[in-house]
Amino acid sequence: MATESLELEEEGKIIGGNQHLIVDDDLREMGKKAAWSVSSCKTGNGVSSLRDDNLENYWQSDGAQPHLVNIQFQKKVKLQLVVLYMDFKLDESYTPSKISIRAGDGFHNLKEIKTVELVKPTGWIYLSLSGNDPRETFVNTFMLQIAVLSNHLNGRDTHVRQIKVYGPRPNPIPHQPFQFTSREFITYSTVR
Amino acid sequence: MEALLANYVEKSLKQYMRRNAIFLCERLYAEFPSEVNLQLLARCYLNNNQPHSAYHVLKGMQMAQSRYLFAVACLEMDLFSEAETALLPIEELCAHVTNGAAVQYLLGIIHRDTNRMKSSVEHFRKALSIDPLFWAAYEELCILGEAEEAAVCFGDVAIHYVQEHYLGNASSYLQIANSDQSLDSSQAFGLEDLSLSHLQQMEGNNIRNICLNNHGGPNLTGPVGQITNSCCNSSFFRTPSPVLTQLSDMAPPPLIRNIRFCQNEVSLRSSTQARREFVRENESAQIRGSLFFDSGRRRSARLAAAQRSFNSTQGSENKANNLRASIKLNSGTCYSTVCKGQFQNLEEAFRATSSSLSSSADVKSVQDETVNTQLRSFISNSSKIKSGISDTINLLRILGEGYRHLCEYRCQEALNVYQKLSSKQYNTGWVLSQVGKAYFELVDYLNADYAFSLARQISPYNLEGMDVYSTVLYLMKEDMKLKYLAQELISIDRFAPQAWCAIGNCYSFQKDHETALKSFQRAVQLNSRFPYAHTLSGHENVIIEDYGNAVECYQKALHVDARHYKSWYGLGMIYLRQEKIEFAEHHFRQAYRINPFSSVIMYYLGTTLEALKRSEEALVMMEKAIVTDNKNPLPKYSKANMLVTLGRLNEALEILEELKECYPRESSIYALMGEIYKQHKKYDKSMLHFGIALDLKPSIVDVAKIQAAIGKLILPDEIEDNL
């Protein structure tokens, strides 16, 4: 037990955020293929504001905590990174402070895979889903749920401005066991 | 007055004074409303890129020539059914009065654009049989994949055919010349107009004159307007297809030389004519019609272009040298370009000028003499004519053979054939573009780059094939060169689809796929019958994973050209990714059927077969791919992989060892070897190879895989230790 809580604390404080969204070329955004839904929202600040690449508008929840963002895929996908955009300076008490990420096949068997605590985040927050084991670089799942457990200054509702979900690029050459790295191999692999 | 106006209109047309020509022609028509004048008016409109005006003017006219011009206007406006109805009634009559081969060619184009491929092929074949020098028809046949061997089409039969027609009509001309003796001695002076005029006629619809000759007699005494109408075709000035600009280097009209007036001046005329044509081409910023062109224009443009490309190959030499050289070329070859009624035309031209200028009696004696000298010169020239014709046809045969090989993707043979050309012919934009394309298909990008850049040096204005060049640079990752090329192409012609394809490739290289897609769509807008623009759009859509649109783009490309194997390949890849393996197989097979020499296509077909669990066939296909192109490592790798699945581990190892020697930095080789050693239970070797594979920085997925594999390796070790 003790070790567990220690781990939780270690896992988690992220202070501040990043100005720019910089992601490895190896990863690609998977959100377009998913169905997004939220536990509650205020009219005019719905789930679409989370996906519109516009940092000016935000999703505002309108109910009891925890506030949930559900991301459901049609088939199991490998996910590696979740990136959120929040702004403490603009949102103050609406800014989430504790976030839990859960994964599973559906609402019935979600399991928590990551918890973070945020301290005055302003900008892009990168949450990697990889475990320590090299075998756990990705989370292979049907569904991801991002739960806002509490806000700064004990606010009830929350603002999130943007969410992006990343997974690895598939092998450009289907049905090959490994991807090619050298130039000669890649040259011969496409017809343009 | 009618004759005067008509003549003046003709002159204006030749001098590209289009507005002048249109205005005067409208006055002419108002004053003397005859169908012949109407044809002249239509020609003026077609020249001025107003096909709609020509269309309205000629609607309902029944004269053969009117119907022909009407069909031309309709095709410009993509009105296929009307064009067809204009050409069809009494198609055979058309063949007699106007230009039979051109009519057949137009019908071929119409049928092809309305998806009647078989009849289209027949029309092109007929066009070629009527006129063996009709390169455009042979080219279309090659693109449709239905061309016969060039040796057949441009063989001895063709030579005899052309020679007979040519000489046969020439002798009839002689008789007329003898009997009438109306050759104006103004040939000695006033050459400006004359040479221009008959140059025009010559470069006009030459072939039409073939048929015209049959009615040569009665036409002789017709009014000037009629003669010029029936002789020349309109729209000499239409922007020719880019293909034309690289056509065979046919010498400038040697007929002039035959008739023996001021050779030098005339050749000069032809070269200035050609240069004017060249300048005009550059100025014309019209959206290019795709492959349709009036055959007469083509021929005229071809001749002019020939002169131009000829000139350009000798760019550095001064004009005098050019002329001398061009005269030499005249003597050696291409009298055939003149074809039948050239003499006839000339005759009429002389008459025309003679009727408009007053010829005096003193001149007559001079005329007699000139006629005699001409007869003598003619007879001595007829043997030269024969050799000229056979030379031309031989040239066309080589070019045709090369083109056909390339269209059927026998790239090495195409290259060999093109090597047979003289260096004069080889070092032209068209041929070098073809060579570049051949190397591109052979995945030999260095040589392709070299050939294309040479082509650009020689004819920088020629955009045909430059889209392929931009792809070569893209695949070679030559960023700077690609950008430079795109800039150049756009500055030459903003409306060329090839330029926009190059720009699209630029953006794609910089990973700005949205803009790349927009550029390719722009190219499509400019010319929807340019299949490569569709294919490139498809590729971009695949990169941004918009598979629905990608499928649409590829299908559009195939609709335009069903032999565009890259689109079949693109569709196959999409279906492979979507796990619709049977569809994938079908499409890869189609691509393979069209291009059975591409090791990449074979590789993918093999992969698909393996996915369908048809391992033996897959292995056979991979073997073929390895044999076809030994430099392609992928089939070998894939074969090794398949052998691993079949349990033939040692053979797989052999192959991988070889590959390792050639490509020591390819992570996947080591990864697969690691797998094999694991199965052989040689754990330390396996570990070693996995380690190397990781060092070579594979993708994240593979890192995870390999690390997982290493993890599993350790466990058996531990178990062994414990035992």
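Every value quoted in this text rests on a predicted model; they were computed, and no experiment measured them.

The rules behind these values
Residues numbered from 1 in each chain as written. Chains lettered and ligands numbered in written order. Predicted model: local features only at pLDDT ≥ 70, side-chain atom pairs only at ≥ 80, totals over all residues. Heavy atoms only, no water. Helix = DSSP H or I, 4+ residues; strand = E, 2+ residues; numbered from the N terminus. Buried < 20%, exposed > 50% of the residue type's maximum accessible area, 1.4 Å probe, protein only. Contact = heavy atoms within 4.5 Å. Areas by Shrake-Rupley, 256 points an atom, 1.4 Å probe, with all protein chains shown as cover. UniProt positions renumbered as here; feature names shortened; annotations may be inferred. Buried area = accessible area lost by both parts, 1.4 Å probe. Salt bridge = Lys/Arg side-chain N within 4 Å of Asp/Glu carboxyl O. Polar contact = N/O pair within 3.5 Å; in protein donor to acceptor, adjacent residues only side chain to side chain. Nonpolar A, V, L, I, M, F, W, Y, C, P; charged D, E, K, R; others polar. Domains from an automatic or database assignment. Core = buried A, V, L, I, M, F, W, Y, C linked by side-chain atoms within 4.5 Å. Pairing = 2+ DSSP bridges. Axes fitted to C-alpha atoms, helices over the stretch in contact; angles between N-to-C directions. Phe/Tyr/Trp six-rings, centres within 6.5 Å; stacked < 30°, edge-to-face > 60°. Lys NZ or Arg CZ within 6 Å of the ring centre and 35° of its normal.

1. Notes on the overall build of chain B
Along its length, chain B carries 41 helices and zero strands. Counting across all 723 residues of chain B, residues that qualify as buried make up 62%. Restricting to contacts in chain B with at least 6 residues of sequence separation, those with at least 24 account for 66%. Carbon and sulfur atoms make up 54% of the accessible area of chain B, which totals about 27,900 Å².

2. Here's the deal with the UniProt feature "repeat: TPR" (unreviewed entry) in chain B
UniProt feature "repeat: TPR" (unreviewed entry): in the numbering of this structure it lies at residues 101–134, 497–530, 565–598 and 667–700 of chain B. In residues 667–700 of chain B, the share of helix is 79% and the share of strand is 0%. The end C-alpha atoms are 12 Å apart.

3. Some points on the interface of chain B and chain A
In this complex, chain B contributes 59 residues to the contact, which on the side of chain A involves 32 residues. Between chain B and chain A, roughly 3,800 Å² of surface is buried when both sides are summed, and carbon and sulfur atoms account for 62% of that area. Sorting the residues of chain B by area buried against chain A places Leu634, Glu666 and Ile700 of chain B first, and these three jointly supply 15% of that buried surface. Put simply, chain B and chain A have three salt bridges between them. Where chain B packs against chain A, one counts 15 residue pairs in polar contact (both at pLDDT 80 or more). When residues of the side of chain B that touches chain A are traced back to their parent elements, those giving at least two are helix H27 (466–475), helix H29 (497–509), helix H31 (531–543), helix H33 (565–577), helix H35 (599–611), helix H37 (633–646), helix H39 (667–679) and helix H41 (700–722) of chain B. Examining the composition of the side of chain B that touches chain A, we find that eight residues originate from one element, H41 of chain B, more than from any other. Here the side of chain B that touches chain A is built from residues that sort into 33 nonpolar, twelve polar and 14 charged.

4. Remarks on the domain arrangement of chain B
Here the domain parsing of chain B yields domain 1 (1–166), domain 2 (409–462), domain 3 (463–562) and domain 4 (665–717). A straight line from the C-alpha centre of domain 1 of chain B to that of domain 4 of chain B covers 69 Å.

5. Here's the deal with the nonpolar core
Residue and element names in this part refer to chain B. Of all hydrophobic cores here, the largest spans 152 residues; its most connected members are Tyr138, Tyr418, Tyr604, Tyr637 and Leu656. Among the elements that take part in this core, helix H22 (residues 361–407) stands out by supplying nine residues, more than any other. Counting 36 residues, the second-largest nonpolar core is a separate cluster that includes Val9, Leu41, Phe70 and Ala83.

6. Overview of the sheet that holds strand E8 (residues 111–119) of chain A
All names here are of chain A. An order of E1-E8-E7-E10-E5-E3 is seen for the six strands of this open sheet, with the pairing classed as mixed. Bordering the open sheet on either side are strand E1 (13–15) and strand E3 (34–38), each of which pairs with just one other strand. Each strand axis lies, on average, 20 degrees off the axis of its neighbour in the sheet, ignoring direction. In this structure, E3 lies alongside strand E5 (residues 67–79), joined through five bridges in antiparallel fashion. Paired with alanine 34 across the bridge in E5 is phenylalanine 73.

7. A short note on the sheet that holds strand E12 (residues 162–168) of chain A
Residue and element names in this part refer to chain A. With respect to topology, four strands assemble into an open sheet ordered E2-E12-E6-E9, the strand pairing being antiparallel. In this open sheet, the two strands that pair with only one neighbour each are strand E2 (27–29) and strand E9 (122–128). Ignoring strand direction, the axes of neighbouring strands in this sheet form an average angle of 25 degrees. With three bridges connecting them, E2 and E12 associate as antiparallel partners. Following the sheet pairing, leucine 27 is matched in E12 by proline 168.

8. A word on the packing of aromatic side chains
Enumeration over the complete set of coordinates arrives at 24 aromatic pairs over all chains. Judged by centre distance (6.1 Å) and plane angle (50 degrees), the rings of tryptophan 135 of chain B and tyrosine 138 of chain B are tilted. Here tryptophan 135 of chain B pairs with tyrosine 138 of chain B, and both are found in helix H10 (residues 135–143), just three residues apart, close to one helical turn. When its relative accessible area of 1% is taken as the criterion, tryptophan 135 of chain B is described as buried. Connected via pairs of aromatic rings, a cluster forms that spans Trp135, Tyr138, Phe154, Tyr403, Tyr418 and Trp430 of chain B. The residue whose ring lies beneath arginine 192 of chain A is tyrosine 474 of chain B, and the NZ or CZ to ring-centre distance is 4.1 Å. When the ring centre of phenylalanine 178 of chain A is taken as origin, the NZ or CZ atom of lysine 705 of chain B, which lies over that ring, is 5.4 Å away.

9. What about H10 of chain B?
All names here are of chain B. Burial analysis of H10 places eight of its nine residues in the buried class, the great majority of the element. Turning to H10, its buried residues are Trp135, Ala136, Ala137, Tyr138, Glu139, Glu140, Leu141 and Cys142. Looking at the residues trailing H10, positive phi occurs at glycine 145, about 80 degrees.

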